[in-house]
Amino acid sequence: MVAQSLAGTISLTEERPARSEWERIWSALRRNRGAMIGLAITLLLILAALFAPVISPHDPTLMGAGGSLEPPSLAHPFGTDKFGRDLFSRVVAGSRLTLYIGALAVAISCTIGSLMGLISGYAGGTIDNVIMRAVDVMFSFPDILIALSVVALLGPSLQNAVIAVGISAIPWYARVVRGTVMVERQKQYFEAAKSLGASNERLLFRHILPNALPPILVLATLGFSTAILSAAALSFLGLGAQPPEPEWGLELALGRDLMRQAWWIMTFPGVAIAVTVLGFNLLGDGLREALDPRQRRMG
Amino acid sequence: MGAYIARRVLAGLFTLWVVTVAVSLLIHLVPGDPVRIMYAQSQSTGPEQIEAKRRELGLDRPIYVQYFNYMVKLLHGDLGKTIRGEQPVLDLLMLRLPNTILLTVAALLVAIVVGGGIGFFSAYFRGTWFDTLGMGVAIAGIAMPSFWLGLLLMFFFSVRLGWFPVGGTGLASLILPALTLGLVSAAVLARLTRSSMLDVLAQDYMRTARAKGLAEPLVLARHALKNSLIPIITMLGLQVAYMLGGAVVVENVFAWNGVGRLAVQAILQRDFPLIQGFVLLFAVIVIGVTLAVDILYAVVDPRIRYES
Amino acid sequence: MHDDRITDMARSLAARGVDRRSLLRLTGAGAGAAMLAGMPGLAARGIAAPARQEAQPGGTLTYARDGDADSLDPQKTTTTLSWQVQGQIFESLTAFDAEGNIVPNLAKSWEISDDGKEYTFTLQEGVVFHDGTPLNADAVKFTFDRFMAEETSNPSKASIGPLTGTEAVDDTTVKMTFSAPFAPLLSFLTDPFSGIISPAAVKAAGDDFGNQPVGSGPFKFKEWVKGDRIVLDRFEEYKGFHPMYGHEGPAYLEQVIYRTMPEEQARLAALETGEVNMAEPPLEEVIRLQGDGAYTVNIAQNTGQLVFFEFAVHRAPFDDVRVRQAVGFGVDQAALVSIGLNDLVQTTQCAVGPGILGGDSAVCGAAGFTHDPEKAKALLAEAGHGDAPLPVTLATWTGGNREDVAQLVQNQLNQVGFDVKLETMDIGSLNARVKAENNTTEGGGFFDMMGWAWFDPDILYALFHSPGWVDGFSNPDLDAMLQEQREMTDREARLAKIDEIQQYLLEQGAMVPLFSPGWNWILASPTSVQGFQFAPFNRALLYDVSIAE
């Protein structure tokens, strides 16, 4: 759903981004309150993931750390689950899984999608046509449907869910990177470099790719939140993470069955997902605004 | 406009064709032997049965023959039989489809009323507390996992207040799933409606209409609303597609007896013919809805004819 | 120690909310030591049955279950979900009365030859199948001929032992001949799986009989929408002989609808909204429903069910008896039952379920497993797995809180030196998977939490006599013992042999008994549903059920 906010086209920068360009982006970002909140949440998530063993009062998989289904207390701030596991420790441990899910999914979609975009834009002709029609077809379906289909093929597991989510986001990168390539190809420096005998690889990776980096960054940030949402949904459906992994979506599925007895199990992992997704969304929106020349003029 | 519509129809058919190719042949991408995987999930199956199934699915034939046979069957309305229970896939899907459509339509209403309403008034009362609150809720709403929203609604309205059942198939059971599915889209729609309305409100003809002394509600209704519809309709098309995807999740939260619930069970049981049928069915619906919206779009905005 | 904590937790849980004794009474667990003959009557059901109104014919019972049948042909399946429906469509030659005695049903009497190899049954007269075919000696012969025929590939074939032939002596006399005495016969003949089928219908339907079954039971098949519902109609010409029946003529209910609702919360919702009027509730809700005056909760006793571990013994590491024993000593049954199953079941030490001959935990306990983590660790170390956690896979089937139980097992075994990976699937898949695992020498350790329900210790023959139900544990010594018990017509002698076999199985770690019952044994209904009874071994009698206004 989040990826829809990308539906507005991402404007491409006019020139190759120099060091000053990144500085400009940062300063624009710093003035954006939402983006700063997003950045703070993101950093918090990373810190929680890094220091999870230090923060967690208990081993997240330890049964009997407390009694069964104890409500939140000082000893167990988020309460305990049916097995007496400390829910706070599990939510903290879940941040690691969540980062892993987001990073791996984004890495998959970003690498494959960007490569497709580069090839498509650079080669042109039939290759471009074939790739872009494929991208169009993928675009016409909701991410979650594509992800479901991939999981159906590979079988349910967390890793397969992440791959599925990664694949479903490929078309975004392909389209944006291709757009950048098309713009850059028209530029004088490109022609100059080409006439000087620069190799294809050099043209692609030294000249074109750097220009595509800012929009890719925006996509990757927003893609993180989409990936987290979709993977959590798959886990909730039983098609992703499997017990006893402290994955947030899976925890919510367990919480559903104990809703009448233990409200806390269906509450805290949900808060964690929503806040994390909100963080990446705010940061991504901020980045996009910072990169958008129209916004720049208005600012 | 005719040429434009023809182009859209062709594009839709092309997408559909790609989907049939993918659906009929993707089974070969399954790691391992697909027939064995299917039957790993079924009772006491001997090697003969596995071979028989392989023949029935045509997996022993060359790929182009497989595709041809698949298409011939498909055009006769034959989507194959489920691994479990050997039921015609089409019948099973059709049995559940009305429930999914009911849920999606109800959710769409929720999205339009709530999302459109918040967006419209946020734009009109731009900069006021209503605007701030509305947009804050919308941003939070976009980050909200549908399945969690569903659980929260279930907790408050079913468990705590006892107003609605926690699941089931009756009309009372429809309200919470429809709210869940609709509210997530409402958040997206609210933001879009607001920005679209703001654009329109700043237009000259709005000032003219007001200068002519038209009553404010009339101005809004006749000019503002109508002109801000175009981007909203486009978005609605996308939203319906996303809602269908979301319905898979929401149906499972509330045990709503739709196609999505069937699909998840099929995936868990690795029932490939049923999964193929599900993907194809949803593809047809999504393509159909997209096409309908494209056409509606052309009707509402005649300028579309000159689309490059 | 982690394991101590979990045990403490179990204790505190039991002490906190739940009055264990009342639960035991409700589940009949207190009567677990009872043999078949001494089984308590259903009066001990524990729920005060509301005053019965005069039963009115008519009405529909809509019964929500966690899954669907796989075939309605009693000779083609072994799943409880199929068996439950077959029990309404088909009638069997004998029956269990409320006390667990074997009494006449379709057979009004029988004689056993002195050598124990010939059983001659006299059939009730005037009974017809749903399609009008008379239920006579020919129909019985047809049923058991098909039962044994190679091409039927009947999964229950071994249950009827060394049957060499069935003969229709005259219209109402049938003789079954065995190559050796076969003690479990009469109890097996009570089962829906040995129900009498209509020869005319089988001939007409062929392989499709499982989709259009015809029997002589109180309800006849009407419609099956797979994955969704099975509809049965009242059979107007029904003649019933079951000793627990409370009236004569056709059943009260006009229709019985079995609905498939895998999600337990959905079943609960359907029950509470009145969409269904009978459902298996989530275990977490049982106490609440019992306290709610609007519902009746029926809990089957002496179900003959047993949930246990079995191992892929033909390859490492479970080819080593010490590793299997380590699982047995590493698992804490009490914690599984209290945390995982809300104390609604009882732990058991026996290889056959409580209520079955030999299912007395006080006797098997001596040979069986106790929770002893240190011993488990020592056994693992002795088997050469003391250094690094031993990776193994535990598979079980979905529902009935078994996912939770499996997680507890995972946790307990990980503390004694295993590294357990979990897989859950539906029961049909699990059967196929276990068979596949037993037939490959590749792959790591695999064991599964399985459930079997039966009514006679001969279940051990079906499970463990070579080649066994799923090609698992078996050997010639065991085969010999299993054969011997079949031929023992003297009850005490047979019991001694059964105890000997159980001891052997437990010492060999062929299985690790866990608890009983385990599935499809609790039913909740609004109080308007009256007259429901569980006959022994979890058989739901719907014949006397009526719907009050």
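Below, the structure is looked at part by part.

The rules we used
- Residues numbered from 1 in each chain as written.
- Chains lettered and ligands numbered in written order.
- Predicted model: local features only at pLDDT ≥ 70, side-chain atom pairs only at ≥ 80, totals over all residues.
- Helix = DSSP H or I, 4+ residues; strand = E, 2+ residues; numbered from the N terminus.
- Buried ≥ 20, exposed ≤ 12 C-beta atoms within 10 Å, placed from the backbone.
- Contact = placed C-beta atoms within 7 Å.
- Core = buried A, V, L, I, M, F, W, Y, C linked by C-beta atoms within 7 Å.
- Nonpolar A, V, L, I, M, F, W, Y, C, P; charged D, E, K, R; others polar.
- Arc of directions from axis to C-beta.
- Pairing = 2+ DSSP bridges.
- Axes fitted to C-alpha atoms, helices over the stretch in contact; angles between N-to-C directions.
- Expected span 1.5 Å × (residues − 1).

### Let's talk about the overall build of chain B
Item 1. Helix and strand content of chain B: 12 helices and 0 strands.
Item 2. Reading the helices (α) and strands (β) of chain B from amino to carboxyl end gives α-α-α-α-α-α-α-α-α-α-α-α.
Item 3. Within chain B, buried positions represent 45% of all 308 residues.
Item 4. The contacts of chain B with a sequence gap of at least 6 include a subset with a gap of at least 24, amounting to 74%.

### Comments concerning the nonpolar core
Across soluble globular proteins, nonpolar side chains have a tendency to be buried as a group.
Item 1. Among the nonpolar cores identified, the biggest contains 322 residues, and Val151 and Ala231 of chain A together with Ala263, Ile267 and Phe278 of chain B are the most heavily contacted of them.
Item 2. A total of 16 residues in this core trace back to one element, the largest contributor, which is helix H10 (residues 200-236) of chain A.
Item 3. Core analysis: the second largest hydrophobic core is formed by 7 residues, Met197, Val200, Val219 and Ala224 of chain B among them.

### Some details on the interface of chain B and chain A
Item 1. Each side of the interface is counted separately: chain B has 40 residues, and chain A has 38 residues.
Item 2. Counting only elements with at least two residues in the side of chain B that touches chain A, the list comes to helix H1 (2-25), helix H6 (129-142), helix H7 (146-160), helix H8 (172-201), helix H10 (216-254), helix H11 (259-268) and helix H12 (272-300) of chain B.
Item 3. Looking at the side of chain B that touches chain A element by element, the count peaks at 9 residues for H10 of chain B.
Item 4. Residue classes in the side of chain B that touches chain A are distributed as 34 nonpolar, 5 polar and 1 charged.

### Focus on helix H12 (residues 373-382) of chain C
Residue and element names in this part refer to chain C.
Item 1. Restricting attention to buried positions, one finds in H12 the residues Pro373, Ala376, Leu379 and Leu380. Viewed end-on, H12 has its buried residues packed into an arc of 120°, placing them on one side of the element.
Item 2. Directly after H12, the chain includes Gly384, whose backbone phi takes a positive value near 90°.

### A short note on the sheet that holds strand S5 (residues 118-123) of chain C
Adjacent strands of a sheet form backbone hydrogen bonds with each other and so pair up, either parallel or antiparallel.
All names here are of chain C.
Item 1. Within the open sheet, the 4 strands sit side by side as S4-S5-S7-S6. Their pairing is antiparallel. Edge strands, defined here as strands with exactly one partner in the open sheet, are strand S4 (107-112) and strand S6 (163-170). When the angles between neighbouring strand axes are averaged without regard to direction, this sheet yields 20°.
Item 2. Bridge analysis of S4 against S5 gives 5 bridges, and the strand direction is antiparallel. Bridged to Ile112 within S5 is Tyr119.
Item 3. Contacts from helix H4 (residues 137-148) reach S5, S6 and strand S7 (173-178), with the element oriented near 170° to S6.

### Here we look at the sheet that holds strand S15 (residues 390-397) of chain C
Residue and element names in this part refer to chain C.
Item 1. Read from one edge to the other, the open sheet built from 6 strands follows the order S14-S18-S13-S17-S15-S16, with strand pairing classed as mixed. Each having just a single partner strand, strand S14 (346-347) and strand S16 (418-425) make up the two edges of the open sheet.
Item 2. One ladder, built from 7 bridges, connects strand S13 (residues 305-311) with strand S17 (residues 445-453); its direction is antiparallel. Its bridge partner being in S17, Phe309 is matched across the sheet by Met449.
Item 3. Along the sheet face, helix H10 (residues 333-340) touches S14 and strand S18 (511-516) and points at about 35° away from the line of S18.

### Quick word on the pairing of S13 of chain C
Item 1. Counting buried positions along S13 of chain C gives 7 out of 7 residues, so the element sits mostly inside the fold.
Item 2. Here S13 of chain C shows no split at all, with Gln305, Val307, Phe309 and Phe311 of chain C on one side and Leu306, Phe308 and Glu310 of chain C on the other all buried.

### Re helix H16 (residues 476-487) of chain C
Residue and element names in this part refer to chain C.
Item 1. Counted at 1.5 Å a residue, the expected span for H16 with its 12 residues is 16 Å, and the 17 Å between its end C-alpha atoms agrees.
Item 2. For H16, every residue scored as buried is listed here: Leu478, Met481, Leu482, Gln485 and Arg486. Each buried residue of H16 lies within a common arc of 140° when the element is viewed along its axis, so the set occupies one face. Opposite its buried face, H16 presents the exposed residues Pro476, Asp477 and Ala480, each directed more than 90 degrees away.
Item 3. At its buried positions, H16 is contacted by helix H15 (459-464) and helix H17 (491-507).

### Side note on the environment of Asp143 of chain A
Residues and elements named next belong to chain A.
Item 1. Locating Asp143 in the fold gives a position in helix H6 (residues 143-154).
Item 2. Since 27 C-beta atoms lie within 10 Å of it, Asp143 is described here as buried.
Item 3. Sequence separation between Asp143 and Ile167 is 24 residues; the distance between their C-alpha atoms is 8.9 Å.

From the geometry alone we can't say anything about function, so treat these as descriptive.
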